[in-house]
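Okay, here's what each chain looks like letter by letter:
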Amino acid sequence: MSRIGKKPVSIPDGVQVRVSGTEISVKGPQGELSWTAHSNMIIRVDEAEKTVTVSRPDDSRENRALHGLTRSLIQNMVDGVVKPFERRLTIVGVGYNASLSGDQLSLQVGFANTVVLKVPPLVTVEVPSPTSVIVRSCDKRAAGQFAAEVRAVRPPEPYKGKGIRYENEQVRRKAGKAFGSK
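The sections below set out a description of the structure shown in this document. This structure is a prediction, so every number in the text was calculated from the model and none was measured.

The next thing to look at is the overall build of the protein. Helices and strands together make up the secondary structure of the protein, namely 2 helices and 13 strands. Across its three principal axes, the protein shows a C-alpha extent of roughly 70 × 45 × 25 Å. Total accessible area on the protein stands at roughly 11,200 Å², and carbon and sulfur atoms take up 50% of it. Within the protein, one finds 28 positive and 18 negative side-chain charges whose respective centroids are separated by 12 Å.

What follows is about the sheet that holds strand β8 (residues 97–101). Taken in spatial order, the 3 strands make up an open sheet running β8-β9-β10, and their pairing is antiparallel. Of all the strands in the sheet, just β8 and β10 (115–118) have a single pairing partner and so form its edges. Between one strand axis and the next, the sheet turns by 20° as a mean value, whatever way the strands run.

Bringing the pattern of salt bridges into the picture now. If you walk through the whole model with that rule in mind, you get 7 salt bridges. Its salt-bridge partner being Asp-59, residue Arg-56 comes within 3.0 Å of it at the nearest N-O pair. Of the residues examined, Arg-56 reaches a relative accessible area of 12% and is grouped as buried. Close ionic contact of Lys-118 with Asp-103 constitutes a salt bridge, the shortest N to O distance being 2.7 Å. Of this pair, Lys-118 sits in strand β10 while Asp-103 sits in the loop between β8 and β9 (104–108), and the two are 15 residues apart along the sequence.

Cut-offs and rules
- Residues numbered from 1 in each chain as written.
- Predicted model: local features only at pLDDT ≥ 70, side-chain atom pairs only at ≥ 80, totals over all residues.
- Heavy atoms only, no water.
- Helix = DSSP H or I, 4+ residues; strand = E, 2+ residues; numbered from the N terminus.
- Areas by Shrake-Rupley, 256 points an atom, 1.4 Å probe, with all protein chains shown as cover.
- Lys, Arg positive; Asp, Glu negative; His and termini not counted.
- Charge placed at Lys NZ, Arg CZ, Asp CG, Glu CD.
- Pairing = 2+ DSSP bridges.
- Axes fitted to C-alpha atoms, helices over the stretch in contact; angles between N-to-C directions.
- Salt bridge = Lys/Arg side-chain N within 4 Å of Asp/Glu carboxyl O.
- Buried < 20%, exposed > 50% of the residue type's maximum accessible area, 1.4 Å probe, protein only.

Put into structure tokens, the structure is as follows:
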């Protein structure tokens, strides 16, 4: 049995979980998420104990892999509607900055043109200073995907460290050309 898959997901106060077949919908104070699970997984909601349990029909390799995955995705949905997931990005470089206007994130990161990214639904972006961007969403995948798209505009380079990086990301630096090595 999967150690992760057999744990029940507890439902906090103010969160509603509905299951109809393989369709799971979670509604909470921060938003509403829905997801269709694999048809092999059996998902039950216990209203009395306020838990969601996931079980599998047999011990085939595919079902064992899906068991823990399904439970983890449901846990992330429940966590996200209570407290949104957050990714923080830092922009490093002289003249590099970000600005937000409506649902458009504008990045000036050393290109001739300003790069404009449209903020997807369910995602909120905050720019507290020109060199930091905060991406929040109740959907963990959406927050991580948009943060990765922003970082991919100008990933950090290894010589000066310029670019867009996650807040606590360690960038491996390389030594430049050595001068006076005759």
